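One letter stands for each residue in the lines below.
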Amino acid sequence: MIQVAVMGYGTIGSGVVEVLETNREIIKRKTGQDISVKYILDLREFPGDPHEDLIVHDFSTIEKDPDVGIVVEAMGGVNPAYAFAKACLLAGKQVVTSNKALVAAHGTELLQIARDKNINFFFEASVGGGIPIIRPMVQCLAGEQILEISGILNGTTNFILSKMDREGQTFEEALKKAQELGYAERNPEADVEGYDTCRKITILTSLALEKEVNYEEVYTEGITKITDTDFKYAAKMGTSIKLFGSSRMADGKTSVFVCPMMIDRDHPLYGVSDVFNAVMVRGNMVGTLMFYGSGAGKLPTASAVVADIMEAACHMTDNVPLGWSSEKQQLSDVKEMRFRYFIRFAGSAAEKLADVEAAFGKTEIIELPGMDEFAVLTGEMTELKYHKVAAAFGDIRQMIRA
């Protein structure tokens, strides 16, 4: 019998308890162990809940109980999740989490403690929710040199952009709908400003390089400036706009960024819509792989957490090689990155196109009927060059990388 403690009885924590109970026999058959929840840590009371008798309010109850072998951190955020997860590892307990903020901020330290204690710190659900991505990266692609990781890693922003694309909604209208459906928080900043995506691409890049990548050094731009007019241009061009988290690794350099990208129909991520997520991984031998599915949600995420519990149950006294070292990966300056640029200008194309091309080079021109503006798609250039030229030119209404 392996006793589990679940810290946090919200959406994910309650989902983990549900999956462990519903699939108890499957889990026992595949692990050879009875896995049972002994404690549920939460500040709240849950009168009438079928697991009311498992609720505890004092973390030390879990920390000091030698019968608890696996702890699930499902509280979210960094504090007190970090302190509790660290204490559990130091007490010799396996820790499983879906908390990308915790992993991005303190993964290096927690992984090292797990190695030192010959136990494990697992976080499969921290990036793709129900999408298996971390174990495939570490195990199935172990012999690959990873050249690129690009993903639609946030279901909330993907839902908002899908509504704007398909129904012509404004950003504000689509955000309100996402909040009504429970996809977006009352304060959606972490999603719409790209912070959630930033933490996830940081984790994946750290795994690919086996080095620590500091999420605070990653260029991050959200979707709040994207408009319904941008999607009208995109429809005419046969493209769409997605929030990307990307890392590119070539010639000894690593570039990591989060920003809206304009992509065309032949891009592998073009058809990923609504709350679905997808990760594209390109290796030097295997080529391009796609991982697609539910990136969030109670049971999909809980399913991934339970898979980690099962892995931990099979390795109670040995460390499974996973993660990255404390060696830090230096990132290339965003100014060195190369993109094409979709740019909207006020005024008439007939009057301004010659000046635009004199500044930005040969472009593709796009016009919408009845608009006192026009747009162009430039050739590839560095971010540094774009900003220098754009600052000198002025009169730019919008820019989206492509």
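This is a predicted model, so every value here is computed, not measured. (Residues numbered from 1 in each chain as written. Predicted model: local features only at pLDDT ≥ 70, side-chain atom pairs only at ≥ 80, totals over all residues. Heavy atoms only, no water.)

This next bit is on helix H14 (residues 349-360). Across its twelve residues, H14 extends only 14 Å between first and last C-alpha, which sits more than 12% below the 16 Å expected from 1.5 Å per residue. Turning to H14, its buried residues number three or more, namely Ala-349, Val-356 and Phe-360. What you see down the axis of H14 is that its buried residues fit within an arc of 35°, all on one side. Turned more than 90 degrees away from the buried face of H14, the exposed residues are Glu-351, Ala-354 and Ala-358. Structurally, H14 contributes buried residues whose contacts are with strand S14 (341-346), strand S15 (364-366), strand S16 (373-377), strand S17 (381-382), helix H15 (383-393) and strand S18 (396-401). Once H14 finishes, Gly-361 follows within two positions and takes phi at roughly 90°, a positive value. (Helix = DSSP H or I, 4+ residues; strand = E, 2+ residues; numbered from the N terminus. Expected span 1.5 Å × (residues − 1). Buried < 20%, exposed > 50% of the residue type's maximum accessible area, 1.4 Å probe, protein only. Arc of directions from axis to C-beta. Contact = heavy atoms within 4.5 Å.)

Here the focus is the UniProt feature "domain: Homoserine dehydrogenase catalytic" (unreviewed entry) in the chain. Under the present numbering, the feature "domain: Homoserine dehydrogenase catalytic" (unreviewed entry) in UniProt falls on residues 132-310. Helix makes up 40% of residues 132-310 and strand 27%, and the two end C-alpha atoms of the span are 14 Å apart. (UniProt positions renumbered as here; feature names shortened; annotations may be inferred.)

Right, let's get into the domain arrangement of the chain. One can read the domain layout of the chain as domain 1 (1-128 + 296-313), domain 2 (133-292) and domain 3 (334-399). Relative to domain 2, the C-alpha centre of domain 1 lies at a distance of 27 Å. If you look at the interface, domain 1 gives 13 residues, while domain 2 gives 14 residues. Buried area between domain 1 and domain 2, both sides added, is near 1300 Å², and the carbon and sulfur share of it is 61%. Connecting domain 1 to domain 2 are three salt bridges. Along the contact surface separating domain 1 from domain 2 lie six residue pairs in polar contact (both at pLDDT 80 or more). At the level of secondary structure, the elements contributing two or more residues to the side of domain 1 that touches domain 2 comprise helix H5 (100-117), helix H6 (125-128) and helix H13 (298-313). No other element matches H5, which puts six residues into the side of domain 1 that touches domain 2. In terms of residue class, the side of domain 1 that touches domain 2 is made up of six nonpolar, three polar and four charged. (Domains from an automatic or database assignment. Buried area = accessible area lost by both parts, 1.4 Å probe. Salt bridge = Lys/Arg side-chain N within 4 Å of Asp/Glu carboxyl O. Polar contact = N/O pair within 3.5 Å; in protein donor to acceptor, adjacent residues only side chain to side chain. Nonpolar A, V, L, I, M, F, W, Y, C, P; charged D, E, K, R; others polar.)

Attention now goes to the pattern of salt bridges. Considering all chains together, one arrives at 24 salt bridges under this definition. Ionic pairing is found between Glu-109 and Lys-86, a salt bridge with its closest N-O pair at 2.8 Å. Here Glu-109 is found in helix H5, whereas its partner Lys-86 is found in helix H4 (residues 81-90), with 23 residues between them in sequence. For Glu-109, a relative accessible area of 29% puts it in the partly exposed group. Exposure remark for Lys-86: the relative accessible area of 26% places this residue in the partly exposed category. Residue Asp-274 pairs with Arg-166 through a salt bridge whose shortest N-O separation is 3.4 Å. In this pair, Asp-274 is assigned in the loop between strand S10 (253-264) and strand S11 (276-283) and Arg-166 in helix H8 (residues 155-167), connecting sequence segments 108 residues apart.

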